[in-house]
Structures are given as C-alpha cells and as structure tokens.
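# Chains, contacts and geometry: an overview
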Protein chains: 2
Amino acid sequence: MKKAESPLDINLLGADEQSRRLARVYAAMRSGGMEAALVRDLANIYYLTGRVFRGFIYISEALAAPLYFVRQPNHLCGEGLHMVRKPEEIAPLLAAAGIDAARPVALELDSVSYSESLRLARAFGMEAPEANLSPAMRTARAVKTPREQELIRESGVRHTLAYSRIPHLYQEGMTDIEFQIEIERVSRLEGCLGIFRVGGDDMELFMGNVLTGHNADTPSPYDFAMGGRGLDPSIPVGADGTLIKPGIPVMVDVNGDYTGYMTDMTRCFVAGEPAEEAVRANELSVAICGELAAMMIPGTPARDLYARAALMAQQAGMADNFMGHRSHAGFVGHGVGIQINELPVIAPRSKDIIEAGNVIALEPKFVIPGLGAVGIENTYIVTEQGGVSVTTAPQGIIKLD
Amino acid sequence: MKKAESPLDINLLGADEQSRRLARVYAAMRSGGMEAALVRDLANIYYLTGRVFRGFIYISEALAAPLYFVRQPNHLCGEGLHMVRKPEEIAPLLAAAGIDAARPVALELDSVSYSESLRLARAFGMEAPEANLSPAMRTARAVKTPREQELIRESGVRHTLAYSRIPHLYQEGMTDIEFQIEIERVSRLEGCLGIFRVGGDDMELFMGNVLTGHNADTPSPYDFAMGGRGLDPSIPVGADGTLIKPGIPVMVDVNGDYTGYMTDMTRCFVAGEPAEEAVRANELSVAICGELAAMMIPGTPARDLYARAALMAQQAGMADNFMGHRSHAGFVGHGVGIQINELPVIAPRSKDIIEAGNVIALEPKFVIPGLGAVGIENTYIVTEQGGVSVTTAPQGIIKLD
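Reference entry: report on the structure contained in this document. Within every chain, residues take consecutive numbers counted from 1 along the sequence as written. Chain A is the first chain written and ligand 1 is the first ligand written, with later ones labelled in order. Local features in this predicted model are restricted to residues whose pLDDT is 70 or higher, and side-chain atom pairs enter the listing and the counts only when it is 80 or higher, whereas totals over whole chains, interfaces and linings include all residues. Each side-chain value is derived from all of the structure's non-hydrogen atoms; neither hydrogens nor water enter the calculation.

### Comments concerning the overall build of chain A
Of regular secondary structure, chain A possesses nine helices and 18 strands. Note on method: radius of gyration uses C-alpha positions; expected globular size equals 2.2 Å times residues raised to 0.38. For 401 residues, the compact-globule estimate of 2.2 N^0.38 gives 21 Å, and the C-alpha radius of gyration of chain A, at 22 Å, lies within 12% of that figure. Principal axes of the C-alpha set define a box for chain A whose edges measure 70 × 40 × 40 Å. Looking at the 401 residues of chain A, the share that counts as buried comes to 63%. In short, Shrake-Rupley with a 1.4 Å probe defines the accessible areas, and a residue's cover is counted only from the protein chains shown. Entry remark: accessible area of chain A is about 14300 Å², with carbon and sulfur atoms responsible for 51%. The charged-residue count follows a simple rule in which Lys and Arg add positive charge and Asp and Glu add negative charge, with His and chain termini not counted at all. A charge is said to be at NZ when it belongs to Lys, at CZ for Arg, at CG for Asp and at CD for Glu. Of the side chains in chain A, 36 bear a positive and 49 a negative charge, and the two mean positions are spaced by 4 Å. The secondary structure listing takes helices from DSSP runs of H or I that are at least 4 residues long and strands from runs of E that are at least 2 residues long, numbered from the N terminus. Classification of residues uses two cut-offs on accessible area relative to the type maximum, computed with a 1.4 Å probe and protein chains only: under 20% is buried, over 50% is exposed, and between them is partly exposed.

Below, the structure written as structure tokens:
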C-alpha cells in the first residue's frame, strides 16, 4: 500500500487505498443516480481519508481526486485542500477551479441535521436537498477493503488480549460496575481508544456493557442486543451496581475499538461453578455462532442467518429467552467497522445479502430469569468459505477464580 | 419537590419540576411563535422527563401535560404514555384524544437528521418542517432550575473528590495516557458515568483530555479549547503517549458527569518543580477566572466577559498563547449541563446575556511552546452576586509527588 507522503497529508490512506474506497462509493452513487456529493459526517470523512477533520469533502467521479474544504485543524496539507470558514465558500472555490457545481450535490441526509442540510443545499444553489448520499456510504462501507480488514484483525487481536486479562481482575465482593471499571482499565492499557462509535443519535453507551443477574432483564431504550438498568436514568444501560454472585454469569461486552475500526466481542464469566442452564445456553450460543459463520457465504440473504438462529433457539426450547426476555432485540447480528451499527443487519426482514468483505458481529444471546444474560459474540470477516472470527477468546463460560 | 410515583413512571422529575422546565420551554416557544412541538432528541427528552427513552414527547401549552409516544423501552408507565412503533402513529393518536395536530408542529431541526425531520413533518401533514424547536430548547436549558443546580453541585463535589486523588496516581516514567487511564479509573470509582455528552455531531472525545508538553500545541479538528494529537487519527484529540517529564505541566480536563449533569474542571499537575513561566500563566488563568466570575452578574453581555479575559491575557503579554498557540479556540467559556456545549457561549461575538441560573465553565488556558498547556477551568453557577464555583480543587499547579 502506498502511504501518504507526510503525517500531515490530509489523505492519510495513500492514493491507492483511497481510490479503492472511492470506487465503492462511486459505484453506490451511480446506482443511486448521483454524480457528485459533499461528505461532512466525521465517520465518512475518516473512511475517505483515514483521519478526522471538521469540514467537507467534495467527491465526483468526474474529478481526478477529491477536493477538501477544511474548517479545522489548520495545519494539514495536501493537493486539493482549501481552508474554509463556512460552506458557502465551497461553490465559488469549485467554480474558480473550473468545476461545475450546479449539478445536484448529494448530502448525508440521514446523519446531517435538517438545518445544516438545508444550508449546504443552498450553498450549492439548490432550494432543498435533492439526493441522499447516506445509503450509498453505508453500502460502500459494508464491504471492507483488505486494509480495513487488517485494522479489524488488529483490533481483534488486542481485544482478545484484553479479555485474557479479565479473569485476573475479579475479586470476591465486587459489583458489576467495579468489575467493569477494571476491565475498562486493562482495555485502555492494551490500547483501546475508548470511543464507542455509534451511527445515528439515539444510542448511547460509555465503554461497554457488563451485566449480571436480574439486571440483564431490564428493557433497554436503545437498540442494543442487551439492556441493563445502568447507574443513572440519564444513561439507562448496563451495569447497575449489582453484586457479582457465585454461580451467576457475568456477561462482558466491552469496546473493541483499538485502531479506529472496532471489533465486537462478548464472553461470559463466572465466579464458582456456573449453573447447568447457563452452560447449556452458552453452548447453544456458541453453536449458533458456528452454524451462522458457516452460512456466511457471499450471496446468502442476511435474514436466512437470523431465521436459522431463531430456529435453533426454538428447537432448544429457548425461544422466549432468545435476544432478551422481558423485551427482545430484533436482530442477532450487525455489521461493524468504523461504527458499531453498520451493514449488513442480521434481522428477520433484512434485505441485505452477505458479501465477501463484510464484517459481521454475531451475538446470539439469552436472558434467563434468575441467571441473567448468557451467550457469546464474535466478529467475523466474510470470505468465500464463510465467516472467519477475529475475536478469539475461549468461547465457554470462563472461570473468574 | 414532588417525586414521580414510581421508578417506572415515564416522568421521573415529578409534576412540579417538569412544569418548571416546561414553563421555560413554552416561554421560548412563544417568542418563536410556536404552539406545539415534537421532542425527540435524547438530551431534550432527558431534560423534560429525567430519563432517556427512544420516542417522542408532544408538548403544547394548550395541553395540561405532555404526551409520550414511546418506542423503547417497553416497561414504563404513566399518564399520557402511548407505545408506538413509528412516528406516523402519533397524529392519529392525538386526533383520537381530541387534539388538533394540524397546527405546525415544531421539530428539533438543528439535531434531527434531514431524513427524519422530513418524515416527522409529513407524519403531521406538513410538506416540510416549518418551525425549529432547537433554539427554544437551548434557550430553555441555559437557565437551570434549582433541582438541576443541585445535580450540578453534586457532580462538582464528586468531580473534586476524584481530582483530589490524582496526585497519588502518578508514578515516575508514566506517559500522559497511562496517567489518564488511572484518572479515568478513579473517576469511575467515584461514580463518574463516563459519558461525555456533546451537542451536535462534530465533536468527539472519550473521557477527557490530558495534555503535556509539545502535544498541547497540536491543532484540533474539534471545537474544544485545547487540542492534542491523540493516540490514533480516528480520534485526534488529547494524550498521545508523551512521557511526563519533571517540571513540565500536565493539564487534566476529565469528565465530570456524575449525575446526568456535567461539571467541567481543569487543573494542572507537575512532577518536581514547575517552571516559573508555567506558574505565572496558571496564576493569570486563576486571576481571569476570578475576575470573570465576579463579572457574571445577570444582565452582563457574555462577550464582555470574553473581552475582559482577552484584555487580561494581552496585558500580561500572553495574547499569542491565549486559548492556544498554533491554533486558537474562539471562546473562553461555555454553558454546561446535560451537554458540554450549552448556552451561553463566552466568545467575542456572542449575543448571549448572562442570566441567573446559567451554569458556565470558564477555561482561560494558555499554550506555551516548550511547556505545553497551562491554566484552570471551573464551573460556575450564576447568582445575583456573580458566579459561584462548584469545582473546588486547589487552583495552583498541583504537585504530583
């Protein structure tokens, strides 16, 4: 891979890797009838340059390379970079460069606010936004380039290393949150960036979700697989101060963002001997992951994976506990990469088709009254031969002492 | 204060506190010519109910109480609560309750995406959004109720307690990020919720910013007071692995969200003896805070505070170092509460006027080449007599050993 010339080059990816990603974006734009677009969402800016800045990227297949309109920071360099204070400066700069900016310019209408979308549209002489770039960006990002897969594998290795330290962190008498804090610490020491990037503005989580006992059965306001009451009504998710008890599993689902690309991994831990019911539910979760990973062949409808998982849960008599108990999550897996909720979605009515290069977190989990949450989660890279897990901690319920 | 009947009541604030907040919102809506609104932003939902849920609150002064349209979670109760799967169900439910939903319904156009805003408008029979609720919500939230001030004071106490443990966390040979991780841990053990709530979608920070040495002079893509290179280009802010050296200050600005309401506090620490220049800059920062706190009398234009701070920096010969060096932040303070970037803004062209009940973080900071970032930050509640700080750690440069 050709690297950027300097660490201050606005394109940190190098020309080849950027072209590879742009080719995916342009293909998706073409099928949506879009010729030009203005990118402004931080996650998409990171996708297209390998760095985060505040500003805009103007992309069009008609151009040899993207043009950058940067508000902050003020110390970057590179071809096609213009410093701007406001988006109204962009169209005149394009015109000065001989680029006809009058064509409809697609915007990220699913993530940029109404007020700003309108302002950007008007800055390009449109009365209102005319084309939505967001679905094209989601489609493009759903298939990871080899370089992206490399970063995901690296996150998986470090995520797994951090998890290998978890059994040594437990001390008798700990609450879920005390245990979680020690897991956060070793994750951070292992290099976890901490940031839990979620697309959209209606899911919030700090650094992960640690659940034990009855708390796992608290319905969630968020679209996460598992809930938990949390420590405060302002962030009602996860650990709530429940004492960790012998025999009761502790489900650990902590941030795997070590490289800008996240892996998602869940494991269950237990002090003392796990209940037989917990062991069986965990084995079922492992079996579902194995089955679905084998089914993750390019061309497979994502909903077939969900249906298979639901069927296995049902055949095991666990349908009522599958993906929750008092409330149920509507999916068993999701794409993951720069954000935690990428395509494809492994859900009953998903229209996504599995493709080589998808990166998919599978999390067939169960909530058992009296025991809490049980199950595992792995992140898989889809190959022609099926899904290959990059999160490789032991899959059984792991002893804490 | 009357509390909610049950911990599952959708309104956790109790009727009186909710009415107090609604009165502020309605006043702001009235001056914007708005009669009814649909609230969907999580921070605003938290403001109006004391809890977070996914869904919508329909508010109108014509109604005795708000109506709640909840998507998730599924276990809440309370008067006026309807479970919905999509926003299109709301208008028919209002009609069934005899409420004319045909009037323009204001939406949070500065935070809700273009796509969703359009969908919500159409669900109310409008062709496009007609009224923007966001400025009214910002105005309402800028003045905190006594109960909100109580939560902020409580965060301040716990934030200060966590900071009192910082000097004991340092070990020789630590890097900035190693030091930060230990600060994160003691903050979390003290009850910090971790979540760093930022309004808008173009600032990201994990749990705080710890800066030492030359790293403080790295320009930031974000609109924070200070920058830092960060550990990875995907989140270019804060600690970058710089070794902490004797005599070089370490600026600690770590999350103060202990109650759903945040305090913002910065202190500088040093191993060994601080350079004279650092001591002087820190004293100047303390002096500016004191001066501005005394000026924080209701009726004072926010820009006068900024002008005074800039003048003091200039008179001390520190204009080039004020709020950065290679790049400068354009403000010296900001409102804080549920989010880190509330009103008023203490900036040169701010039109905000200081009001009693504002909660303002002041952060007159300096970046000195060779030494790094120096200065303090406190969070003040505005009273008739001026600002009263709720962040009470010692203000001098604090010894680490």
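Moving on, there is more to tell.
### With respect to the pairing of strand β12 (residues 342-346) of chain B
Residues and elements named next belong to chain B. Strands were regarded as paired on the criterion that DSSP finds at least two bridges between them. Pairing geometry for strand β11 (residues 333-335) and β12, over three bridges, is antiparallel. Bridge pairing links G335 to E342 in β12. What sits between the antiparallel neighbours β11 and β12 is a turn of six residues.

### Let's talk about the relation of the copies chain B and chain A
In this comparison the copies share one frame, found by least squares on the C-alpha atoms of residues holding pLDDT of at least 70 in both. Superposing chain B onto chain A requires a rotation of 180° together with a translation of 0.0 Å along the rotation axis, leaving an RMSD of 0.0 Å. Both chain copies can therefore be described as sitting about a two-fold axis. Pairs of residues are marked as contacts when any of their non-hydrogen atoms sit within 4.5 Å. Most of the interface of chain B is mirrored in chain A, where 100% of its interface residues are also at the interface.

### A closer look at the interface of chain B and chain A
Contact with chain B, which involves 60 residues of that partner, is made by 60 residues of chain A. Approximately 5100 Å² of surface area, both sides summed, lies buried where chain B meets chain A, with 56% of it carried by carbon and sulfur atoms. Buried area is understood as the total, over both parts, of accessible area removed when two parts are fitted together, assessed with a 1.4 Å probe. For chain B, the biggest contributors to the area lost against chain A are Y114(B), R188(B) and F206(B); these three give 15% of the whole. Only one rule defines a salt bridge in this text: a Lys or Arg side-chain nitrogen within 4 Å of an Asp or Glu carboxyl oxygen. Across the chain B-chain A interface, the total number found is 10 salt bridges. A salt bridge links R188(B) to E184(A); its shortest N-O distance comes to 2.7 Å. Each polar contact in these results corresponds to two N or O atoms within 3.5 Å; when the atoms are within protein, one needs to be able to donate a hydrogen and the other to accept it, and residues that are neighboring in sequence are counted only if both atoms are side-chain atoms. For the pair chain B and chain A, the interface holds 30 residue pairs in polar contact (both at pLDDT 80 or more). Looking at the side of chain B that touches chain A, the elements with two or more residues in it are α2 (42-49), β3 (67-72), α4 (114-123) and α7 (176-189) of chain B. Per element, the largest residue contribution to the side of chain B that touches chain A is eight residues, and it comes from α7(B). Side-chain classes follow a simple rule in which Ala, Val, Leu, Ile, Met, Phe, Trp, Tyr, Cys and Pro form the nonpolar group, Asp, Glu, Lys and Arg form the charged group, and the remainder, Gly included, forms the polar group. A per-class count over the side of chain B that touches chain A returns 27 nonpolar, 17 polar and 16 charged.

### A closer look at unusual backbone geometry
Each neighbour pair has its own omega, and for Q72(A) with P73(A) the value is -5°, a cis peptide bond. Cis rather than trans, the peptide bond between L343(B) and P344(B) has omega equal to 0°. Mapped onto the fold, P344(B) is located in strand β12. We note that M323(A) has phi near 60°; this positive angle belongs to a residue other than glycine. Looking at the element boundaries, M323(A) is found in the loop between α9 (302-315) and β11 (333-335).

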